Amino acid sequence: MNKYILSIDAGTSSSRAVIIDKKGQVMGVSQYEFTQYFPNDGWVEHNPLEIWNSQLKAIKDVLKKTNISAEMIHSFGITNQRETTVIWNKETGEPVYNAIVWQDRRTKDLCEKLKNKNLETIFQNKTGLLLDPYFSGTKIKWILENNPELIEIIKEDKLAFGTIDTWLIWKLTNGAKHVTDLTNASRTLLFNIHTLKWDEELINLLDIPKNILPEIVSSSEFVGYISVNILGSKIPITAIAGDQQASLFGQMCLDEGDVKNTYGTGCFCVMNTGQKIVKSKNKMLTTIAYQLNGKTNYAIEGSVFVGGSLIQWLRDQLGIISHASEIEDLANSVENSGGITFISALSGLGAPYWSPDSFGSIIGITRKTNKGHIARAALEAIAIRTYEIISCMEKDADIKFSSLKVDGGACANDLLMQIQSNIINKKVIRPKFTECTSLGIAFLSGLASGYWKSVEDLKDIWKPEKIFSPKNEDQRILSDWNKRIKKIN
Ligand code: ADP
């Protein structure tokens, strides 16, 4: 009987299920969106039960449409939106509050308070993270403080915390497994990336009861079985990893200095730093890349808040295109950006500026400027922001790398990829299969279950589709950017 790997990607806006065969080919994909709740300014929530139901629907759907039965699944892996926090009652199986999503800023004041007590260095040294509402720790504290009735449930040892991987595995195993992997744990502010354990001091600083935390497992090992009553067959769960880490693995960035950038709504750049824990001087994050065969690889990560969303803005707010994919033709309708610079600070500016109050602008407009120039300058802005992150990483890690692997929706844009290559002066490599997140978690699952024998087997699966080599013609763009960004900061 042919066997396959079932991967799920529990994302921020949708639940996806993908079936992959031994050659890394996608047999089928199923995807369901779920509701985003914005109950207050800066608040973002999901309903954990809706996530569970949509995820289960996607799994059943992909099995049905590919005509692959549960018995034909060799093993299962889960990758997920990171940091999003769920707390539930283990006895009733009911969440005690909505999931607080990574984008949610409600714990900004709490983070400020901790910073004012000079605690950021302790958190940064131990976790590789910054005191920012982005991470799970302060979200857990917020739920506990705002639901005082939970004290009794904690005393009875019935309360559980988890990120989305933990929640879904708990549901898939009918409550038998309360686990997370190191990559997800490393985004909570509670996990020590040196000892690879929950950290007592940090847990106490945030007043979090230890008995609600999940057991930590590696990213690629047997964890338990999907309960037989869910899909009709016991399927081994053998991989868990956060989405950016899974994509790093799916891009086969397995050696020190390998880098990938995902061009989605934002851009997420991750560099594998091998067994080295790099401490950033530029407020990049240090994180766990994955743990495989008992060996832990670390990574350094930086993100650009406004990536593909800049193109959405041109589509939805300016209306100069009707589909994101039209941006390439429009930008190609001119030879260059005509001397304009598009400062893409639509939601402030992240690394290396860290200026949340900066705003966007289009500078250098003349009577000759047309929408083609604006489109081209927008693509340049995405590439320049990525370049800035990459430069910080190279300095922090003291590693010069030779090429950048790319994935995500906007990497389909050849012009953007060419501009990127010119600006970073390195090769940009786009793989044949750009669904690297699902592929990465399938790889991690198949390695643990013996579907693939070793990473050597995987190297033949990952194939480049197009390589963009640098053409040295974009120095003006960068020098204008450097001059002009000072004007808005
Ligand atoms: P996410 O996972 O964050 O939802 P995706 O990886 O699906 O994002 O990518 C979607 C983003 O990519 C959108 O912001 C969209 O504007 C942008 N995008 C899609 N196609 C193109 C293109 N051809 N050129 C530039 N941007 C694009």
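Placed above this text is the structure.
Residues numbered from 1 in each chain as written. Predicted model: local features only at pLDDT ≥ 70, side-chain atom pairs only at ≥ 80, totals over all residues. Heavy atoms only, no water.

Caption draft 1: Structural detail: the site of the ligand. Within the structure, the ligand sits among 13 residues, and T265, G308, Q312, G409 and N413 are positioned closest to it. Interatomic distance of 2.6 Å between a side-chain N/O atom of T265 and an oxygen atom of the ligand. Within the side chain of N413, one N or O atom sits 3.0 Å away from a nitrogen atom of the ligand. Burial of the ligand by the surrounding chains reaches 68%, relative to a free accessible area of 580 Å². For the shell around the ligand, the element with the highest residue contribution is helix 11 (residues 308–318), accounting for 4 residues. (Near = heavy atom within 4 Å. Polar contact = N/O pair within 3.5 Å; in protein donor to acceptor, adjacent residues only side chain to side chain. Areas by Shrake-Rupley, 256 points an atom, 1.4 Å probe, with all protein chains shown as cover. Helix = DSSP H or I, 4+ residues; strand = E, 2+ residues; numbered from the N terminus.)

Caption draft 2: Molecular detail of helix 2 (residues 108–116). Among the residues making up helix 2, those that are buried are L110, C111 and L114. Considered in projection along helix 2, the buried side chains sweep an arc of 100° and stay on one side of the axis. Exposed residues lying more than 90 degrees from the buried face of helix 2 are D109, K113 and N116. Those residues of helix 2 that are buried are in contact with helix 3 (120–127) and helix 4 (136–146). The first or second residue beyond helix 2 is N118, which carries a positive phi of 60°. (Buried < 20%, exposed > 50% of the residue type's maximum accessible area, 1.4 Å probe, protein only. Arc of directions from axis to C-beta. Contact = heavy atoms within 4.5 Å.)

Caption draft 3: Structural context of the packing of helix 13 (residues 371–397) against helix 14 (residues 414–424). At a minimum axis distance of 9 Å, the contact between helix 13 and helix 14 shows a crossing angle of 45°. When the axis of helix 13 is compared with that of helix 14, the two are oblique. In terms of crossing hand, the pair formed by helix 13 and helix 14 is right-handed. When helix 13 is examined against helix 14, the residues R376, L379, E380, I382, A383, I384, T386, Y387 and I390 are found in contact with a partner set consisting of L415, L416, I419, Q420, I423 and I424. Grouping the amino acids of the contact of helix 13 with helix 14 by side-chain chemistry returns 11 nonpolar, 2 polar and 2 charged. (Axes fitted to C-alpha atoms, helices over the stretch in contact; angles between N-to-C directions. Parallel < 35°, antiparallel > 145°, perpendicular 65-115°, else oblique. Left-handed = near helix turned anticlockwise from the far one by under 90°. Nonpolar A, V, L, I, M, F, W, Y, C, P; charged D, E, K, R; others polar.)

Caption draft 4: Fine view of the layout of surface pockets. Roughly 350 Å³ of internal volume is contained in the second largest pocket. Around the second largest pocket sit 20 residues that line it, and L254, Y290, L292, N293 and V455 are the ones nearest its centre. Elements supplying a minimum of two residues to the lining of the second largest pocket: strand 16 (267–274), strand 17 (285–292), strand 18 (295–304), helix 15 (436–449) and helix 16 (455–459). (1 Å grid on protein atoms, 1.4 Å probe; cavity = no way out; pocket = protein on both sides within 12 Å on 5 of 7 lines; lining within 4 Å. Points joined across faces, edges and corners; volume = space filled by probe spheres on them.)

Caption draft 5: Quick peek at the packing of helix 11 against helix 13. Contact pair helix 11 / helix 13: the axes reach a minimum separation of 9 Å and the direction vectors enclose 160°. On the basis of their axis angle, the class for helix 11 and helix 13 is roughly antiparallel. In this structure, the crossing between helix 11 and helix 13 has a hand that is right-handed. Residues G308, L310, I311 and L314 of helix 11 lie in contact with helix 13, whose contacting residues are I374, A375, A378, L379, A381 and I382. Looking at the contact of helix 11 with helix 13 residue by residue, the classes come out as 9 nonpolar, 1 polar and no charged.

Caption draft 6: Looking closely at the pairing of strand 16. Summarising burial for strand 16: 8 of the 8 residues are buried, a large majority. Residues C267, C269, M271 and T273 point to one face of strand 16 and F268, V270, N272 and G274 to the other, with burial holding for every one of them. Pairing of strand 15 (residues 259–263) with strand 16, which is carried by 5 bridges, proceeds in the antiparallel orientation. Across the sheet, T262 pairs through a bridge with F268, a residue of strand 16. Joining the antiparallel neighbours strand 15 and strand 16 is a turn of 3 residues. Both strand 16 and strand 18 contribute to a ladder of 7 bridges, which runs antiparallel. Of the residues in strand 18, the one forming a bridge with G274 is Y298. (Pairing = 2+ DSSP bridges.)

Caption draft 7: Spatial organisation of unusual backbone geometry. Despite not being glycine, L189 shows a phi value in the positive range, around 75°. On the secondary structure map, L189 appears in the loop between helix 7 (182–185) and strand 10 (191–192). At D207, a residue that is not glycine, the phi angle is positive and equals roughly 60°. Looking at where D207 falls in the secondary structure, it is placed in the loop between helix 8 (200–205) and strand 12 (215–217).

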